[in-house]
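# Remarks on the overall topology
Each chain, letter by letter, is given below.
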Amino acid sequence: MARTTTPRTGARPAAGKGTQAVRSAAAIQNGAAKPQRRAPASAKSEQRVRDILRVGREVFSERGYERSTTTEIAQRLGISEATVFTYFRGKRELCVRVIADWYDEITGTIEQGLPRDTPVRTQFDFFVHAHLRLFLGHGTGMCALVLSEGRDRGPADLGDAVLPLHRRYTAPLMDLLARGQAGGVVRNDAPLRLLRSLVLGPMEHLLWETVSTRKAIDIDAQARAMSMLLWSALATPGAELAALRTLRGAVERSLDQARV
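Residues numbered from 1 in each chain as written. Predicted model: local features only at pLDDT ≥ 70, side-chain atom pairs only at ≥ 80, totals over all residues. Heavy atoms only, no water.

Of the regular secondary structure elements, the protein holds 11 helices and zero strands. Mapped from its N terminus to its C terminus, the protein presents α and β elements in the order α-α-α-α-α-α-α-α-α-α-α. Looking at the 260 residues of the protein, the share that counts as buried comes to 33%. Considering only residue pairs separated by 6 or more positions, the protein has 69% of its internal contacts joining residues 24 or more positions apart. Counting every atom, the protein has about 16300 Å² of accessible surface; 54% of that belongs to carbon and sulfur. (Helix = DSSP H or I, 4+ residues; strand = E, 2+ residues; numbered from the N terminus. Buried < 20%, exposed > 50% of the residue type's maximum accessible area, 1.4 Å probe, protein only. Contact = heavy atoms within 4.5 Å. Areas by Shrake-Rupley, 256 points an atom, 1.4 Å probe, with all protein chains shown as cover.)

Laid out in C-alpha cells, this is it:
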C-alpha cells in the first residue's frame, strides 16, 4: 500500500471523514454544537408535531413525567416511536415543549384578556381569577406536572427548563404591580419580587391542596376570596380612604357648580 507523503511546503493533508467525525464529536461535547432534529418542513409534518404535542399533553397529564413513555404516546397516535424521535430528542425534550406550549396558552390568555383600561384593583381581580381558572379549569393533570416534576431537580432536571417559562408567565403580574406602585395604589415599601411571591405563594398552596386532595373547588368563590385577602396586603395603607376623600371632594365641587 502506497505511503502518503506530505509536500515540503508544510501543508497538511486534508482531514478525512474520521478526523471530521472526531472534531464534530469534540465540538458537541464542548457545547459548541448540538445535534438537531429535523424541523417540520411541510404542513403534514407540522400537523404531526401538533398531534404528538396534543397526545403528549394527555399522557403527561394522566401519568406524570416518570411514568409516561414515548412508546405509549406513539401507540395512541398509531405511529412508530421512531417517528416521535424524528421531531423530539426524547421524553424530556417533548415534556418541556408540552409544558412550554401550556404556559404560552396561559400567558397569552392573561395578556390578551387583562382589562388595562380599568383600575389596577380590577386588573388584579382578573389575574387571580384567570390564574386559578386556567390552572384548574381543565383538570389538575398539567397543574400537577408543573408543580411537581416541573420543579423537581430529578434525573431529568425539568425544573431548570421550566424556570424561564415561569418567569415569562409572571411578567404580566410584575407589570401590573409596578403600575400599581407608580399609581400609588400598591405599596412601595417592598420590592416587586417580594410582592410577587406574596401573590403567587398562597395561590400555589391552594393549587397544591387541590391537586393532592383531588377535590373540585368553586373557582369563582375561591378567586374572589383570594383576591380580597391578597389585595388587603398589597394595597397602600390608607389608599382607599384617600380615594374616597378625593371622590367626595369631586362630588362636592360638582354640587357647588350645579348650584351656581
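Don't stop here, the text continues.
On to the layout of surface pockets. Space inside the largest pocket adds up to approximately 260 Å³. Broken down by secondary-structure element, the contributors of at least two residues to the lining of the largest pocket are helix 2 (43-67), helix 7 (141-147) and helix 9 (192-213). In terms of residue count, the dominant contributor to the lining of the largest pocket is helix 2 (six residues). Residue composition of the lining of the largest pocket, grouped by class: five nonpolar, six polar and five charged. By volume, the second largest pocket is sized at about 220 Å³. (1 Å grid on protein atoms, 1.4 Å probe; cavity = no way out; pocket = protein on both sides within 12 Å on 5 of 7 lines; lining within 4 Å. Points joined across faces, edges and corners; volume = space filled by probe spheres on them. Nonpolar A, V, L, I, M, F, W, Y, C, P; charged D, E, K, R; others polar.)

Moving on, we get to unusual backbone geometry. For Arg-214, which is not a glycine, the phi torsion comes out positive at approximately 60°. Position of Arg-214 among the secondary structure elements: in the loop between helix 9 and helix 10 (219-234).

With that out of the way, let us pick up helix 6 (residues 120-136). When the terminal C-alpha atoms of helix 6 are compared, their 24 Å separation across 17 residues agrees well with the 24 Å that a helix rising 1.5 Å per residue should span. For helix 6, the set of buried residues is Val-120, Gln-123, Phe-124, Phe-127, Val-128, Ala-130, His-131, Leu-132, Leu-134, Phe-135 and Leu-136. (Expected span 1.5 Å × (residues − 1).)

Further remarks concern the nonpolar core. In this structure, Phe-60, Leu-94, Ile-99, Phe-124, Phe-135 and Met-203 are the most contacted members of the largest nonpolar core, which totals 61 residues. Per element, the largest residue contribution to this core is 10 residues, and it comes from helix 5 (residues 91-113). With near-sequence residues (within four places) excluded, Leu-94 lies in contact with Ile-52, Leu-53, Phe-60, Ile-73, Val-84 and Phe-88. (Core = buried A, V, L, I, M, F, W, Y, C linked by side-chain atoms within 4.5 Å.)

Position of Gln-123 relative to the elements: it lies in helix 6. The exposure class assigned to Gln-123 is buried, which follows from its relative accessible area of 1%. For Gln-123, the side chain forms a polar contact with the main-chain oxygen of Arg-116, separated by 3.5 Å. Beyond its immediate stretch of four places on either side in the chain, Gln-123 contacts Leu-114, Pro-115, Arg-116, Thr-118, Leu-176 and Arg-179. (Polar contact = N/O pair within 3.5 Å; in protein donor to acceptor, adjacent residues only side chain to side chain.)

Here we take up the pattern of salt bridges. In total, this model carries 14 salt bridges according to the counting rule given. The salt bridge involving Arg-76 is made with Glu-62; its shortest N-O contact spans 2.7 Å. Taken together, the residues Arg-76 in helix 3 (residues 70-77) and Glu-62 in helix 2 connect sequence positions 14 residues apart. With relative accessibility at 36%, the residue Arg-76 sits in the partly exposed group. The partly exposed category is assigned to Glu-62, whose relative accessible area is 48%. Each of Asp-51, Arg-54, Glu-58, Glu-62, Arg-63, Glu-72 and Arg-76 takes part in one network of salt bridges that share partners. (Salt bridge = Lys/Arg side-chain N within 4 Å of Asp/Glu carboxyl O.)

Remark: helix 6 packs on helix 10, axes separated minimally by 9 Å, with the N-to-C direction vectors making an angle of 135°. Judged on the interaxial angle alone, helix 10 and helix 6 are oblique. As for the relative orientation of helix 6 and helix 10, their crossing is right-handed in sense. Contacts between helix 6 and helix 10 pair Val-120, Arg-121, Phe-124, Asp-125, Val-128, His-129, Leu-132, Arg-133 and Leu-136 from the former with Ile-219, Asp-220, Gln-222, Ala-223, Met-226, Ser-227, Met-228, Leu-230, Trp-231 and Leu-234 from the latter. Here the residues of the contact of helix 6 with helix 10 are counted per class, giving 12 nonpolar, three polar and four charged. (Axes fitted to C-alpha atoms, helices over the stretch in contact; angles between N-to-C directions. Parallel < 35°, antiparallel > 145°, perpendicular 65-115°, else oblique. Left-handed = near helix turned anticlockwise from the far one by under 90°.)

A word on the packing of helix 9 against helix 10. Here helix 9 crosses helix 10 at 155°, and the two axes come no closer than 11 Å. With respect to each other, helix 9 and helix 10 are oriented roughly antiparallel. Relative to helix 10, the crossing made by helix 9 is right-handed. Contacts between helix 9 and helix 10 pair Leu-195, Leu-198, Val-199, Pro-202, Met-203 and Leu-206 from the former with Gln-222, Met-226, Leu-230, Ala-233 and Leu-234 from the latter. Here the residues of the contact of helix 9 with helix 10 are counted per class, giving 10 nonpolar, one polar and no charged.

On inspection of all chains with the given rule, the structure shows seven aromatic pairs. An aromatic cluster of at least three residues, connected via ring pairs, comprises Trp-102, Tyr-103, Phe-127, Phe-135 and Tyr-169. One Lys or Arg, Lys-91, reaches over the ring of Tyr-65 and ends 4.3 Å from the middle of that ring. (Phe/Tyr/Trp six-rings, centres within 6.5 Å; stacked < 30°, edge-to-face > 60°. Lys NZ or Arg CZ within 6 Å of the ring centre and 35° of its normal.)

On to helix 9. Note: α-helices contain 3.6 residues per turn, so residues at a spacing of three or four share the same orientation. With 22 residues, helix 9 extends 32 Å between its outermost C-alpha atoms, agreeing within 8% with the 32 Å of an ideal straight helix rising 1.5 Å per residue. Looking one or two residues past helix 9, Arg-214 carries a phi angle of roughly 60°, positive in sign.

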